[in-house]
Amino acid sequence: MSSTTQAHSASLLDRITSGIAAAPSAQVAMTEAVRLLKEGLPHFTWAGIYLLDGDELVLGPYLGKPSPHTRIPLGRGICGAAATEKATIIVDDVNSDPRYLACSLETKSEIVVPIMRGDQVLGEIDIDSDRAAAFGATDRELLERVAEALAARL
Ligand code: SME
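Predicted, not measured: the structure shown is a model, and the values here were computed from it.

Trainee: Account for helix α1 (residues 6-22), with residues named and values stated.
Mentor: With 17 residues, α1 should cover 24 Å at 1.5 Å per step; its first-to-last C-alpha distance of 24 Å lies within 8% of that length. Of all the residues in α1, the buried ones are S9, L12, L13, I16, G19 and I20. Down the axis of α1, the buried set is contained in an arc of 135°. They therefore lie on one face. In α1, the exposed positions that point more than 90 degrees away from the buried face belong to A7, D14, A21 and A22.

Shown next, in the form of structure tokens:
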């Protein structure tokens, strides 16, 4: 199986949107979303949320190895590209993408999903996998729905 099944994804999405809605603060909502994503999906090796602060993405809640990239300028990395393009980016092989900023040597693939309010980027969900080409359409749909739910709390 190369990515999340639709049935698992639908029930996980329900739990995440409920957790986000019930959270007492935006910080708790983000922390809960990251926890449920990381625990629910074994191919999510690193899961985190960056928030846009001026021209930089600032690392918020995350689970996985500490990243050296706690502040990423908009023009840099796959994270910066997704925020600039205001679109989800999936990279099947990070080592062949010149934009990639390494977090862990084990990382093979990455998906970055912007958190938008209208045309404005609020932040993004960033997921790394130790498996090559780990992310498919089901992951993308799940994460885009989670991003919408988070946008309502930020
Ligand atoms: N790989 C990201 C940097 C963030 S770390 O993966 C957590 C990028 O290229 O923007």
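Trainee: Kindly report on the pattern of salt bridges, identifying the contributing residues and their values.
Mentor: Close approach of charged atoms lets side chains of opposite charge pair. Overall, the coordinates contain 8 salt bridges when judged by the stated rule. Ionic pairing is found between E32 and R35, a salt bridge with its closest N-O pair at 2.8 Å. One end of the pair is E32 and the other is R35, both in helix α2 (residues 26-40) and 3 residues apart, which spans about a single turn. A residue is classified by how much of its surface remains accessible, and R35, at 32% relative accessible area, is partly exposed. Between E144 and R140 there is a salt bridge, with its nearest N and O atoms 3.4 Å apart. Remark: R140 and E144 occur in helix α4 (residues 137-151); sequence separation between them is 4 residues, near one turn of the helix. Taking relative accessible area as the criterion, R140 reaches 33% and is therefore assigned partly exposed. It is possible to trace a salt-bridge network through shared partners that takes in E32, R35 and E39.

Trainee: Account for the site of the ligand, naming residues and giving values.
Mentor: Taken together, 13 residues sit near the ligand, with I78, C79, L101, E110 and D128 positioned nearest. Here I78 contributes a backbone N or O atom positioned 2.9 Å from an oxygen atom of the ligand. In this structure, an oxygen atom belonging to the ligand sits 2.8 Å away from a main-chain N or O atom of C79. Here the ligand has 310 Å² of accessible area as a free molecule, and 100% of this is covered by the chains. Broken down by secondary-structure element, the contributors of at least two residues to the shell around the ligand are β1 (46-53), α3 (77-85) and β6 (120-129).

Trainee: Before we move on, could you go through the nonpolar core and cite the residues and values that matter?
Mentor: Residues I125, V146 and L150 are the most contacted members of the largest nonpolar core, which totals 30 residues. For this core, the secondary structure elements donating two or more residues are α1, α2, β1, β5 (109-117), β6 and α4. Ranked by residue count, the leading element in this core is α4, at 7 residues. If we ignore the near neighbours within four places in the chain, the residues touching L150 are I20, A29, M30, A33, I49, I115 and I125. In this structure, L57, L59, I78 and Y100 belong to the second largest nonpolar core, which totals 18 residues.

The rules we used
- Residues numbered from 1 in each chain as written.
- Predicted model: local features only at pLDDT ≥ 70, side-chain atom pairs only at ≥ 80, totals over all residues.
- Heavy atoms only, no water.
- Helix = DSSP H or I, 4+ residues; strand = E, 2+ residues; numbered from the N terminus.
- Expected span 1.5 Å × (residues − 1).
- Buried < 20%, exposed > 50% of the residue type's maximum accessible area, 1.4 Å probe, protein only.
- Arc of directions from axis to C-beta.
- Salt bridge = Lys/Arg side-chain N within 4 Å of Asp/Glu carboxyl O.
- Near = heavy atom within 4 Å.
- Polar contact = N/O pair within 3.5 Å; in protein donor to acceptor, adjacent residues only side chain to side chain.
- Areas by Shrake-Rupley, 256 points an atom, 1.4 Å probe, with all protein chains shown as cover.
- Core = buried A, V, L, I, M, F, W, Y, C linked by side-chain atoms within 4.5 Å.
- Contact = heavy atoms within 4.5 Å.

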